[in-house]
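The primary structure of each chain is shown beneath.
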There are 2 protein chains.
Amino acid sequence: MKRLVILAALVGALPALADEGMWTYNNFPSAKVKAKYGFEPSQQWLDSVRLSSARLAGGCSASFVSPNGLVMTNHHCARGCIEQLSTAEKDYIASGFYAKAEAEELKCPAMEINQLSDITDVTEQLNKATQGLSGKQYSDTLKAEMSKLEKECATSDQVRCDVVTLYQGGKYNLYKYRRFQDVRLVFAPEHAIAFFGGDPDNFEFPRYDLDVSFVRVYQDGKPAQIPNYFKWSKGGAKEGELTFISGHPGRTSRGLTVAELEYQRDVVMPKMLMTLAEVRGMITEFQKRGPEQERISNNVRFGVENGFKAIKGRHETLLDKKFFASKVAAEQELRQKVDANPELKKKYGAAWDEIAKAQEQLKSVRKELGYMEQGQGFGSKLYGIAHALVRAADELPKENGQRLREFNEAGLPAFKAQLFSPAPIYPELEIARLEFTLTKLREELGPDHPFVKKVLGKESPGKLAARLVNGTQLRDVKVRQSLLEGGKKAISASQDPMIKLAALVDPDARAVRKNFEENIDSVIKKNSELVAKAKFEVYGTNVYPDATFSLRLSYGAVQGYMEDGKKVNPITQMAGTFERHTGEEPFALPKSWLDSKGKLKLSTPMNFVSTNDIIGGNSGSPVINKDGEIVGLVFDGNIQSLGGDFGFDETVNRAVSVHSDAILESLQKIYGATRVLEELRPGKQPPVKAKPAG
Amino acid sequence: MKRLVILAALVGALPALADEGMWTYNNFPSAKVKAKYGFEPSQQWLDSVRLSSARLAGGCSASFVSPNGLVMTNHHCARGCIEQLSTAEKDYIASGFYAKAEAEELKCPAMEINQLSDITDVTEQLNKATQGLSGKQYSDTLKAEMSKLEKECATSDQVRCDVVTLYQGGKYNLYKYRRFQDVRLVFAPEHAIAFFGGDPDNFEFPRYDLDVSFVRVYQDGKPAQIPNYFKWSKGGAKEGELTFISGHPGRTSRGLTVAELEYQRDVVMPKMLMTLAEVRGMITEFQKRGPEQERISNNVRFGVENGFKAIKGRHETLLDKKFFASKVAAEQELRQKVDANPELKKKYGAAWDEIAKAQEQLKSVRKELGYMEQGQGFGSKLYGIAHALVRAADELPKENGQRLREFNEAGLPAFKAQLFSPAPIYPELEIARLEFTLTKLREELGPDHPFVKKVLGKESPGKLAARLVNGTQLRDVKVRQSLLEGGKKAISASQDPMIKLAALVDPDARAVRKNFEENIDSVIKKNSELVAKAKFEVYGTNVYPDATFSLRLSYGAVQGYMEDGKKVNPITQMAGTFERHTGEEPFALPKSWLDSKGKLKLSTPMNFVSTNDIIGGNSGSPVINKDGEIVGLVFDGNIQSLGGDFGFDETVNRAVSVHSDAILESLQKIYGATRVLEELRPGKQPPVKAKPAG
């Protein structure tokens, strides 16, 4: 299945071939697009597309599709919100949601939307500040300088600024975003059609999903006015058509050294896959406790299954011997060129071995680091909150530049929004997940490890988890607020068992992090920067950086591919959706679809694939034509594209999107969502009636 | 943690160094033992030890310890029996079991014990029969010839004969066993002390487990008379003492080619680990349904956790770059020597590449093969029974040599014993496991695969699993008997849903197996035989073969090792058991131990490690001194020994055993099992009383 060609591995080292690349907006290869497709995006075109694009802070992409703040994204990107707004009695995940009037739009408890307003290159400033430094000094200075730039830039709570590390530190850009924290749900179809085919069809094609949702950004209690937004195309994506995708790919690893790739392949990924597999088994069985337990854990299950399949695909790419050999060959070539030039050798020659040594060191601390510091609150939201409060009490009184990076002034609004989110937390699920992670902690570090003894004492993971979750008051947002306001004194005085545990173990967690940052991570960062600069000097700068969850533009065309010797057509039709219906999850269409079948134009395009280079994080990205109009909505990559983490193969890597016509057809004939349709295509609605959903 | 030295990889190619080797009884290096330890086992000594050794057909080792058929093995080897004899009301896993009189000994529903009575070398016969053949002809002839030899040898139901393939086909030996099918439970301690420390302590040392049980073999309704049995030593194993372990190591892979090892490392093991992790998550959560659900699934959970940890250790060894490089180097050296000699090159030169090609082919069919043919009944005992019955109806009417190998005449008694086992089958657990596997089937082969469509139809995995399990009559042993007797006609007429499904899909399963056996497995077998012969010609024959679940003898000494820079002492004491007690599973001692603490001599040795080379399957093996007396009972290997699948490192690989004195001390002072004690050490019991357990 994996046919990533050898050339793919040269990516990040040589100017990109074919439709490859997740390009930054300030280095887009317009001339290359023109040479291949006859259309050259102008600066004005790029600015307009950039401003019409959006990011969900939680990890997805989106787009503005009306001047009144209407935002389109995937159903699976909004499903956290949809689930949080649901209750046992009113489950919008199952039933779908449609606000027939503005007043019915419901505020998402924890959604933030960002719009990229400016990009500034700050490479020179940062390089100057860190010149000649290494180790702790290097990382402290880099951190302080970044914090300073971000703080200067973030002039209000409405603004978010991030220094983005591009090309592994070869370049640093300051990204300035407009923040929208009042986001309301407008429309979502039933989960059954949004994720039709479920996990078995995930990352596969042909495909038949209506993975769309609409939300709206508000400002001062009213729909925000958005001058730049995408208009809707007539007829949507056609086979062979040039397509652009503007979105926020989360992470690629195309520029990693061989030592780093080996570490991913042999250590990180096997561990992640085994953990995800076990959580998956646990959650799937947890869901059998009852319908309410199923409802409250569906989002976790989706995340776990999606992550598992994605990482499995990436792992298989790295296990492909030919592919890996091509990575080795590319690195050898670069190193030979560097070593052949005495000046380059002096500057960069040692960087690869330094990174390899740091990777070896990482192996010896990775378990402690993972469980004590990077473990995301032992899988418990409540423990995560407790740990954040304990840390904040120590960090916030410090000078901005001295704080742990996540407590920077510039990041505080986002930190507080998350900390004070009223999204429901379910004790039964919390206990199950906390027990699970505490059991893994004991298993991985061993029952005799001092940290394990400190956490567990003489309790079993299950009893401790139940005592913590049942005893804590942190589900109450007001309690969190008063603990944050009360600072160190309030934390020290707290008898909350979660707070007490977090305070007890935080010194160990900090020690592990400190060692990692000062002795390992700083070495990797510093030397990755050198490798990136060596690449620039040897191959030039007309390349794209690895994905960093910052805005990128990719180009390509609607085009099928060959799989197991057979042609896969690039566009499916609505008719196929009904053919795939068995009546059993995950192949059971919702009643609204079955009832409306007679009204639908079954030849309407449903989903399609294109050669655009994308990766996880691009979910919810608009697919647009050369006129900057919506022709589709990215919701997936095919299974071959998962290897895109490490390289791109235009022959088989494909972005998978909902066709714009499928959205119109279903909004109109199935959901009767005329209010949304009128915003998307003012004055162009045909006179068809349908029963509103929700 | 893994410190398998480079030399270890040469194992199987060069004469073994140090205490390495799981030696066959007809090629034991007595002279080497004498050179190192000053004791040379005589032929008489070897014969006596061999005949005193035993095998549990289900996959463990054991020993005869009295002339009246008393057999010692691990608690975890007998736990299938203990669980099958338990009910919700009387749970012997929790309470332990002790038959105070012979009449109270309970028959194990599915345990068979084998005693190796003869070994005959049949290499020449088989080589002659297959000379010049390849592909289907080679494998058919080999299979037919093996069946013939086994049938001629197995003169009654009391005899079992297996042709054992040694040295990857370099040698074939015919092993003749005496079979005991009436096996009764005599004594088992509580699970809480048998598996004290549970999964966290599994494969670790220091250790504190009383992993022992006693059963008795019966013949004609009376205790069988056993002339050869092990006597009990005075004082048990001492530090530095020479120890022998006689048992049935299940499988090692030290003779595999690099291509085969890569396939294990990159394909087989990741897949197994992910599946086991997911089943583990599922079963652990299934146990939360209630105490009875916990009881009926404990055995599955133990097997899954044990298997997961073992395979993870093996996988880590193969991921060790230095270790793997040593395997590559050893193969290169052998191939160079072969290629340098025109005669050898002609005979053997192509074998490695042929194996590599077959491994590549295997990749493309492995999923179908795994789920359709090797999947052990979709994880369902009932489906496994159905499939066996369907197959038997087709196979048994054929000539012996034409049948699928598992239906050979020689194997029929064991086949029937298993098929007609009255061991309880729990529908709730069956449904959960069947649903799980059917979901994986759909996930791995894809919902559009013809086999998946045939199995699932329009049903969901969950609904189908429930319908099959709730609808089948196969829990009733009489139904199974009448279906086996009724043959093809009865199977065709059966409306049992399990039978119907098995009959529906069997042709596909057979086709996949046929392709595998004729085009892949025969190539691997044939060429592995060539590689083995090349090794003999280059390095001589004074080597041991890979483990094959046949009787082997290893030698070594009671000796500690270094771990993370610290010395690990080789012997623990009973006192440590009490120190490790927290009161919470799996560190909660049973009441009997807590109550008896005052009576115990706390300095009694509890567990110990020795340098003997063992692997999974050796569980339950006796550890004996040079006088052929019991000094311990193998129940585990340390975590470093898991890499023993691929190589042996005497500096850290250790067998972990229960000390013989811990068995005496607890039988006497905790369990008051005087009847057992009197058999182990006639006339030597001190006059201490204790309350009987059970």
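Residues numbered from 1 in each chain as written. Chains lettered and ligands numbered in written order. Predicted model: local features only at pLDDT ≥ 70, side-chain atom pairs only at ≥ 80, totals over all residues. Heavy atoms only, no water.

## Examining the packing of aromatic side chains
- Within this structure, the stated rule accounts for 38 aromatic pairs over all chains.
- An aromatic cluster is defined as three or more aromatic residues linked by ring pairs; in this entry it consists of F28, Y37, F39, W45, F244 and Y555 of chain A.
- The ring of Y177 of chain A is capped by R55 of chain A, whose NZ or CZ atom sits 4.4 Å from the centre of that ring.
- Here the basic side chain of R55 of chain B rests over the ring of F549 of chain B, its NZ or CZ set 4.7 Å away from the ring centre. (Phe/Tyr/Trp six-rings, centres within 6.5 Å; stacked < 30°, edge-to-face > 60°. Lys NZ or Arg CZ within 6 Å of the ring centre and 35° of its normal.)

## Comments concerning the pattern of salt bridges
Residue and element names in this part refer to chain A.
- According to the stated counting rule, one finds 124 salt bridges over all chains in the structure shown.
- With its nearest N and O atoms 2.7 Å apart, the salt bridge here joins R179 to E112. In this pair, R179 sits in strand β8 (residues 171-180) while E112 sits in the loop between β5 (106-107) and β6 (113-121), placing the two residues 67 residues apart along the sequence.
- For R179, a relative accessible area of 4% translates into the label buried.
- Overall, E112 belongs to the buried group, its relative accessible area being 8%.
- The closest approach of N and O atoms between K357 and E354, which form a salt bridge, is 3.3 Å. Of this pair, K357 and E354 are both found in helix α13 (residues 351-373), three residues apart, which corresponds to roughly one turn of the helix.
- What makes E354 partly exposed here is its relative accessible area of 29%.
- Salt bridges sharing common partners tie together E373, R391, D394, E395, K398, E406, K488, D506, R510, R513 and E517. (Salt bridge = Lys/Arg side-chain N within 4 Å of Asp/Glu carboxyl O. Helix = DSSP H or I, 4+ residues; strand = E, 2+ residues; numbered from the N terminus. Buried < 20%, exposed > 50% of the residue type's maximum accessible area, 1.4 Å probe, protein only.)

## Let's talk about the relation of the copies chain B and chain A
- Mapping chain B onto chain A leaves a residual RMSD of 0.0 Å; the transformation is a rotation of 180° accompanied by 0.0 Å of translation along its axis. Both copies of the chain, as the preceding transformation shows, are related through a two-fold rotation axis.
- Same-surface contact between copies: 100% of interface residues of chain B are shared with the interface of chain A. (Least-squares fit on C-alpha atoms with pLDDT ≥ 70 in both. Contact = heavy atoms within 4.5 Å.)

## Thoughts on the interface of chain B and chain A
- At the junction of the two partners, chain B supplies 38 residues and chain A supplies 38 residues.
- Summed over both partners, the interface of chain B with chain A buries about 3500 Å², with 50% contributed by carbon and sulfur atoms.
- Ranking the residues of chain B by area buried against chain A places M274, E285 and E584 of chain B at the top, with a combined share of 17%.
- In this structure, E444 of chain A engages K312 of chain B in a salt bridge whose closest nitrogen and oxygen atoms are separated by 3.7 Å. (Buried area = accessible area lost by both parts, 1.4 Å probe.)

## Overview of the state of the cysteines
- One pass over the structure, following the stated rule, counts six disulfides over all chains.
- At a sulfur-sulfur separation of 2.1 Å, the disulfide partner of C60 of chain A is C77 of chain A. Every disulfide takes its handedness from the sign of the S-S torsion; for C60 of chain A and C77 of chain A that torsion is -75°, giving left-handed. With C60 of chain A in strand β2 (residues 60-64) and C77 of chain A in helix α3 (residues 75-85), this residue pair connects regions lying 17 residues apart in the sequence. The burial state of C60 of chain A is the same as that of C77 of chain A; both residues are buried.
- The side chain of C153 of chain B participates in a disulfide bridge whose partner is C161 of chain B; the two sulfur atoms lie 1.9 Å from each other. On the sign convention where negative means left-handed, the S-S torsion of about -65° between C153 of chain B and C161 of chain B marks this disulfide as left-handed. Of the two residues examined, C153 of chain B and C161 of chain B, each falls in the buried class. (Disulfide = S-S within 2.5 Å.)

## Here we look at unusual backbone geometry
- Cis rather than trans, the peptide bond between E585 of chain A and P586 of chain A has omega equal to -5°.
- Position of P586 of chain A among the secondary structure elements: in the loop between α21 (574-580) and α22 (591-596).
- A cis amide bond links F205 of chain B to the next residue, P206 of chain B, at an omega of 5°.
- Even without a glycine there, the phi angle at D220 of chain A is positive, about 50°.
- With respect to the helices and strands, D220 of chain A occurs in the loop between β10 (213-219) and β11 (222-223).
- A residue is classified by how much of its surface remains accessible, and D220 of chain A, at 78% relative accessible area, is exposed.
- Unlike most non-glycine residues, D564 of chain B shows phi in positive territory, near 45°.
- Here D564 of chain B lies in the loop between β16 (561-563) and β17 (566-568).
- The exposure class of D564 of chain B is exposed, given its relative accessible area of 56%.

## Description of the confidence of the model for chain A
Residues and elements named next belong to chain A.
- With 96% of its residues at a pLDDT of 70 or more, chain A has an overall mean of 93.
- Counting interchain partners and residues more than four positions distant, the pLDDT-below-50 stretch residues 1-16 has 48 contacts.
- The ipTM assigned to the predicted complex is 0.91, against a pTM of 0.92. (pLDDT = per-residue confidence, 0-100.)

## Describing the pairing of strand β9 (residues 171-180) of chain B
Residues and elements named next belong to chain B.
- With respect to burial, β9 is a largely interior element, seven of its ten residues being buried.
- With eight bridges connecting them, strand β7 (residues 113-121) and β9 associate as antiparallel partners. Opposite D121, over in β9, you have N173 as the bridge partner.
- When strand β8 (residues 159-166) meets β9, the two strands line up antiparallel, connected through eight bridges. Counterpart to V163 in the pairing with β9 is L174.
- A loop of four residues connects β8 with β9, the two strands running antiparallel in sequence, and Y167 in this loop sits at a positive phi of about 50°. (Pairing = 2+ DSSP bridges.)

## Some words on the pairing of β2 of chain A
Residues and elements named next belong to chain A.
- Counting buried residues along β2, five of its five residues qualify, which places the element largely inside the surrounding structure.
- Residues of β2 alternate between two faces, with C60, A62 and F64 on one and S61 and S63 on the opposite face, all of them buried.
- In terms of strand pairing, strand β1 (residues 53-56) meets β2 through four bridges, oriented antiparallel. The partner of R55 across the bridge, within β2, is S61.
- Between β1 and β2, which pair antiparallel one after the other, the connecting turn spans three residues, and G59 there sits at a positive phi close to 125°.
- Turn length for the β2-strand β3 (residues 70-73) hairpin, with the two strands adjacent in sequence and antiparallel, is five residues, and the turn residue G69 shows positive phi of about 80°.

## A look at helix α11 (residues 321-340) of chain B
Residues and elements named next belong to chain B.
- End to end, α11 covers 28 Å across 20 residues, agreeing with the expected 28 Å (1.5 Å per residue, within 8%).
- Of the positions making up α11, those classed as buried are F323, F324, S326, K327, A330, E331, L334 and V338. The arc that holds every buried residue of α11, seen down its axis, measures 160°, which confines them to one face. Away from the buried face of α11 by more than 90 degrees, exposed residues K321, K322, Q336 and A340 are located.
- In this fold, the buried residues of α11 make contact with α9 (258-286), α10 (291-319), α12 (342-348), α13 (351-373) and α20 (497-539).
- Capping the start of α11 is the job of one residue whose side-chain oxygen sits 3.1 Å from the backbone nitrogen of K322: D320. (Expected span 1.5 Å × (residues − 1). Arc of directions from axis to C-beta. Polar contact = N/O pair within 3.5 Å; in protein donor to acceptor, adjacent residues only side chain to side chain.)

## A few points about the side chain of E260 of chain B
Residue and element names in this part refer to chain B.
- Along the chain, E260 turns up in helix α9.
- Buried within the structure, E260 lacks any salt-bridge partner; its nearest side chain of opposite charge belongs to K535, at an N-O separation of 8.1 Å.
- The contacts of E260, once residues within four sequence positions are left out, are I355, Q359, I524 and S528. (Lys, Arg positive; Asp, Glu negative; His and termini not counted.)

## As for the side chain of E430 of chain B
Residue and element names in this part refer to chain B.
- Structurally, the position occupied by E430 is in helix α16 (residues 427-445).
- There is no salt bridge for the buried E430, and the closest opposite charge comes from K381, which lies 6.0 Å off by N-O distance.
- Engagement of the side chain of E430 in a polar contact is seen with the backbone nitrogen of L382, the distance being 3.0 Å.
- Setting aside residues up to four positions removed in sequence, E430 forms contacts with S380, K381, L382, I425 and V469.

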